[in-house]
Amino acid sequence: MAAEELGPLPAGRHGFSREQVAHHQRERLIAGLAEAVAEKGYAAVTLTDVVKHAKVSRRVFYANFESKEQCFLAAFEVVVEHLHELVAEAVAGVDGWPQQAIAATRAVLAFLATEPDLARLCLVESRGAGPAVTARFNEAVGEMAPLLARGRAERPEGKRLPDSTEDSTIGSLVSLAHRKVAAGEAAQLPDLLPDCAELVLLPYLGPTAATRQVAQVSSQS
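Presented here is a report on the structure given in the accompanying data block.

What counts and how
- Residues numbered from 1 in each chain as written.
- Predicted model: local features only at pLDDT ≥ 70, side-chain atom pairs only at ≥ 80, totals over all residues.
- Heavy atoms only, no water.
- Helix = DSSP H or I, 4+ residues; strand = E, 2+ residues; numbered from the N terminus.
- Buried < 20%, exposed > 50% of the residue type's maximum accessible area, 1.4 Å probe, protein only.
- Areas by Shrake-Rupley, 256 points an atom, 1.4 Å probe, with all protein chains shown as cover.
- Phe/Tyr/Trp six-rings, centres within 6.5 Å; stacked < 30°, edge-to-face > 60°.
- Lys NZ or Arg CZ within 6 Å of the ring centre and 35° of its normal.
- Contact = heavy atoms within 4.5 Å.
- Axes fitted to C-alpha atoms, helices over the stretch in contact; angles between N-to-C directions.
- Parallel < 35°, antiparallel > 145°, perpendicular 65-115°, else oblique.
- Nonpolar A, V, L, I, M, F, W, Y, C, P; charged D, E, K, R; others polar.
- Left-handed = near helix turned anticlockwise from the far one by under 90°.

### Observations regarding the overall build of the protein chain
Here comes step 1: A tally of helices and strands in the protein chain yields 12 helices and zero strands.
Here comes step 2: In the protein chain, the succession of helices and strands from N to C terminus is α-α-α-α-α-α-α-α-α-α-α-α.
Here comes step 3: Counting the 221 residues in the protein chain, one finds 44% classified as buried.
Here comes step 4: Accessible surface computed for the protein chain: about 11,700 Å², of which carbon and sulfur atoms make up 54%.

Now the structure itself:
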């Protein structure tokens, strides 16, 4: 989501309502912050950097956000909401929990690979963007748990999993993706699909069934 993709507002009497103009400017600021953070890192980014990338004034920034952290949080929220939509689309009409889990993982990796600035913002820079962002990051990560928890129904009767299974699995997935993005290799995230699929499926299906599913994923990659 580059600020340039949004385009500047036409000069003069452009015909847009006040609400449309405000929404457009907010989008530009969010995109501008993502670009600036990807370029310099959150800690080094200044308000001047954000408005320069967004091609708006400081007055416009303060009309939309109180601080750099608040703007970052808004950008993070946009990405999370979009990922929720992508996952919902990916699993719609897909039969079987294992296939749904794989489809959701594939959709998330593909999106982050095509949006490296947003991938870095969410997975790398969010770790140092302040307590509000950290809290929202942890909350967003936790929102993945219900999809994984449905895999518990795949377990043989009487074989229970630890309560921490979902948290451990999600933590491993986030760590894998973080390392790729931090190394500047976001475009290679889809290559992690077989590894991610194994992490997701193994606790619920067991090694034999999980290996079979992963082999199918690898053959399709």
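### Description of the packing of aromatic side chains
Between two aromatic rings, the relevant description is the distance of the centres plus the angle of the planes.
Here comes step 1: Taken as a whole, this structure holds five aromatic pairs when the rule is applied.
Here comes step 2: Ring plane angle 50° and centroid distance 5.8 Å describe the contact between phenylalanine 61 and phenylalanine 65, whose orientation is recorded as tilted. For the residue pair phenylalanine 61 and phenylalanine 65, the accessibility class agrees, reading buried in each case.
Here comes step 3: A centroid spacing of 6.2 Å and a plane angle of 55° characterise the contact between phenylalanine 76 and phenylalanine 137, whose relative ring orientation is tilted. Of the two residues, phenylalanine 76 sits in helix H5 (residues 68–91) while phenylalanine 137 sits in helix H8 (residues 131–142), which places them 61 residues apart along the sequence.
Here comes step 4: A network of ring pairs unites the aromatic residues Phe61, Tyr62 and Phe65 as a single cluster.
Here comes step 5: Positioned above the aromatic ring of tyrosine 42, the side-chain terminus of lysine 68 is 4.2 Å from the ring centre.

### Observations regarding the environment of leucine 205
Here comes step 1: With respect to the secondary-structure elements, leucine 205 resides in helix H11 (residues 193–205).
Here comes step 2: When the C-alpha atoms of leucine 205 and arginine 155 are compared, they prove to be 6.3 Å apart, with 50 residues separating the residues in sequence.
Here comes step 3: Those residues in contact with leucine 205, other than ones at most four positions away along the chain, are Trp97, Pro98, Glu154, Ala210 and Gln213.

### Quick word on the side chain of threonine 169
Here comes step 1: With respect to the secondary-structure elements, threonine 169 resides in helix H10 (residues 165–182).
Here comes step 2: Take threonine 169: its relative accessible area is 6%, and that puts it in the buried class.
Here comes step 3: Those residues within four positions of threonine 169 in sequence are excluded, and the remaining contacts are Leu148, Leu199, Val200 and Pro203.

### A few points about the packing of H10 against H11
The axes of two packed helices give the description: the angle between them and the distance between them.
Here comes step 1: Two numbers describe how H10 lies on H11: the axes approach to 10 Å, and their chain directions differ by 170°. Judged on the interaxial angle alone, H11 and H10 are roughly antiparallel. Between H10 and H11, the residues in contact are Thr165, Glu166, Thr169, Ser172, Leu173 and Leu176 and Asp195, Cys196, Leu199, Val200, Pro203 and Tyr204, respectively.
Here comes step 2: Looking at side-chain class alone, the contact of H10 with H11 contains seven nonpolar, three polar and two charged residues.

### Things to note about the packing of H5 against H8
Here comes step 1: Close contact between H5 and H8 brings their axes to 9 Å; oriented N to C, the two are set at 15°. Here H8 runs roughly parallel to H5, going by the angle between their axes. Of the two possible hands of crossing, H5 and H8 adopt the one that is right-handed. Contacts from Glu69, Phe72, Leu73, Phe76, Glu77 and Val80 of H5 reach H8 at Pro131, Ala132, Val133, Arg136, Phe137 and Ala140.
Here comes step 2: Among the residues making up the contact of H5 with H8, the classes are represented as nine nonpolar, no polar and three charged.

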